Amino acid sequence: MVADGMMRSISALLSPRGRLARLPILIFHRVLPSRDPLRPGDPDAATFEWQMKLVARQFNVLPLSEACERWGQRSLPARALCITFDDGYADNVELALPILKRHGLHSTFFIATGFMNGGRMWNDTVIEWVRGLQEGELDLRSLDLGVRSIRTIEDKRSTLGAVLTSLKYLPLERRLEHVGKLVDDRADRLPTDLMMTDAQVNELLAEGMEVGGHTVNHPILARVDHDTALWEIQEGKRQLEEITGHAVRLFAYPNGKPGIDYGPEHVQMVREAGFAAAVSTAWGAGRRSSDLFQLPRFTPWQRSPTQFHMEMMRNYMRRGMPAAADSAKV
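Residues numbered from 1 in each chain as written. Predicted model: local features only at pLDDT ≥ 70, side-chain atom pairs only at ≥ 80, totals over all residues. Heavy atoms only, no water.

(A) Representation of the overall build of the chain within the structure. The number of helices and strands found in the chain is 11 helices and 9 strands. For a compact globule of 330 residues, the expected C-alpha radius of gyration is about 20 Å, and the chain comes in at 20 Å, within 12% of that figure. Taken over the C-alpha atoms alone, the chain extends approximately 55 × 50 × 35 Å along its principal axes. Looking at the chain residue by residue over its 330 residues, the buried ones come to 54%. Total accessible area on the chain is roughly 14000 Å²; 51% of this is exposed by carbon and sulfur atoms. Considering the chain, the positive charge centre built from 41 side chains and the negative charge centre built from 41 side chains are found 9 Å apart. (Helix = DSSP H or I, 4+ residues; strand = E, 2+ residues; numbered from the N terminus. Rg over C-alpha atoms; globule rule 2.2 N^0.38 Å. Buried < 20%, exposed > 50% of the residue type's maximum accessible area, 1.4 Å probe, protein only. Areas by Shrake-Rupley, 256 points an atom, 1.4 Å probe, with all protein chains shown as cover. Lys, Arg positive; Asp, Glu negative; His and termini not counted. Charge placed at Lys NZ, Arg CZ, Asp CG, Glu CD.)

(B) Molecular detail of the pairing of strand E3 (residues 80-87). Within E3, 8 of the 8 residues are buried, which leaves it mostly tucked inside the rest of the structure. As paired strands, strand E1 (residues 25-28) and E3 are joined by 4 bridges and run parallel to one another. The partner of Phe-28 across the bridge, within E3, is Phe-85. Here strand E2 (residues 60-61) pairs with E3 via 2 bridges, running parallel. Bridging across to E3, Asn-60 finds its partner in Ala-80. Summarising the sheet, E3 and strand E4 (residues 108-111) pair through 4 bridges and their orientation is parallel. The residue of E4 that forms the bridge with Asp-87 is Ile-111. (Pairing = 2+ DSSP bridges.)

(C) Examining the side chain of Arg-39 more closely. Secondary-structure assignment places Arg-39 in the loop between E1 and helix H2 (45-58). A distance of 3.0 Å separates polar atoms of two side chains, one belonging to Arg-39 and the other to Asp-42. In this structure the side chain of Arg-39 is engaged in a polar contact, spanning 2.6 Å, whose partner is the side chain of Asp-124. When neighbours within four sequence positions are excluded, Arg-39 is seen to be in contact with Arg-30, Leu-32, Tyr-89, Asp-124 and Ile-127. (Polar contact = N/O pair within 3.5 Å; in protein donor to acceptor, adjacent residues only side chain to side chain. Contact = heavy atoms within 4.5 Å.)

(D) Region of interest: unusual backbone geometry. Positive phi values are uncommon outside glycine, yet Arg-79 reaches one of about 60 degrees. Phi at His-218 is positive, roughly 55 degrees, even though this residue is not glycine. Here His-218 shows up in the loop between strand E7 (210-213) and helix H9 (226-244).

(E) Structural context of the environment of Ala-206. Note on placement: Ala-206 falls in helix H8 (residues 198-206). Ala-206 sits in the exposed class, given a relative accessible area of 68%. Separated by 15 residues in the primary sequence, Ala-206 and Leu-221 have C-alpha atoms spaced 31 Å apart.

(F) Region of the structure containing the packing of aromatic side chains. Tallied over the entire structure, the rule returns 9 aromatic pairs. Ring centres of Phe-48 and Phe-85 lie 5.8 Å apart, and the angle between their planes is 70 degrees; on these two criteria the pair is classed as edge-to-face. With Phe-48 in helix H2 and Phe-85 in strand E3, this residue pair connects regions lying 37 residues apart in the sequence. We classify Phe-48 as buried; its relative accessible area is 0%. Taking the relative accessible area as the measure of exposure, Phe-85 reaches 0% and is therefore buried. Of the aromatic side chains, those joined through ring pairs into one cluster are Phe-28, Phe-48, Phe-85 and Phe-109. Sitting over the ring of Phe-275, Lys-237 keeps its end group 5.6 Å from the ring centre. The ring of Phe-293 is capped by Arg-271, whose NZ or CZ atom sits 5.1 Å from the centre of that ring. (Phe/Tyr/Trp six-rings, centres within 6.5 Å; stacked < 30°, edge-to-face > 60°. Lys NZ or Arg CZ within 6 Å of the ring centre and 35° of its normal.)

Structure below.
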């Protein structure tokens with residue numbers, strides 16, 4: 001692995017302190033007990049452990065709210081970085097939180113409130129349904145996906161990708177209708193402990209972490225009408241504030257691709273709802289010209305320390321989101 005000192009020097013050169021600072025923001029969803037072939041993008045606990053050990057050695061990790069404030073003041077330290085999690089999975093508390101604490105790191109957790117306390121996101125319903133299918137063939141002609149083999153784990157992974165892609169951008173009601181028909185009589189066999197409880201959200205706060213809004217039902221905002229989008233943004237914030245007794249000032253756009261999953265009107269809704277900053281899933285590191293309500297984030301997918309750090313360095317060079325003419329700047 002490249003020497004720590006050299007990598008810190010490169011990071012400091014790419015992101016010095018003050019006016020020229022850049023802010024990479026990591027995004028995770030789950031941390032798993034062990035590698036899952038149906039969820040190859042999510043790290044297991046052992047992988048997340050070395051990732052956070054590396055991050056703690058190489059970067060100055062700040063709470064996202066503090067980073068936004070200090071960026072506005074042009075007082076970010078060199079090698080600043082933030083860590084975030086999306087959706088509100090229980091393993092964030094059970095597995096990720098102890099690792100973060102062990103390395104003295106802070107994270108912000110963006111939570112979709114509609115799935116808490118025993119709920120399940122639609123994509124997890126599909127994943128767990130596919131996991132439990134017996135070997136054979138699966139008739140997916142209702143989704144225009146034909147009849148697919150599910151004899152191997154590779155078959156299941158391929159089928160899962162096709163189903164998720166087919167359903168992702170359908171209107172919410174139609175998507176849920178299709179999912180309901182797919183799982184049918186297997187619904188009662190699917191897990192009900194994937195998402196956080198109220199108590200776990202408050203545990204995050206008690207441990208010094210931050211909680212942010214992520215809507216109620218995790219809709220793709222660009223695919224719902226104005227009133228629905230506004231309600232999702234405002235109600236998710238209200239519910240989290242009711243659960244925690246604290247103001248919620250940070251927001252993450254569901255799915256998060258600018259111009260595809262949300263538009264300028266949704267940025268304005270987030271501003272008017274009383275949030276102080278928001279994050280997207282556009283890759284890149286935030287810089288002086290970035291829009292405070294569309295901060296870029298990225299997931300380092302690499303599974304070796306050297307590749308992980310090199311991807312972090314490459315991300316500094318990506319421009320991320322341009323500034324928005326009608327939004328606050330950092």
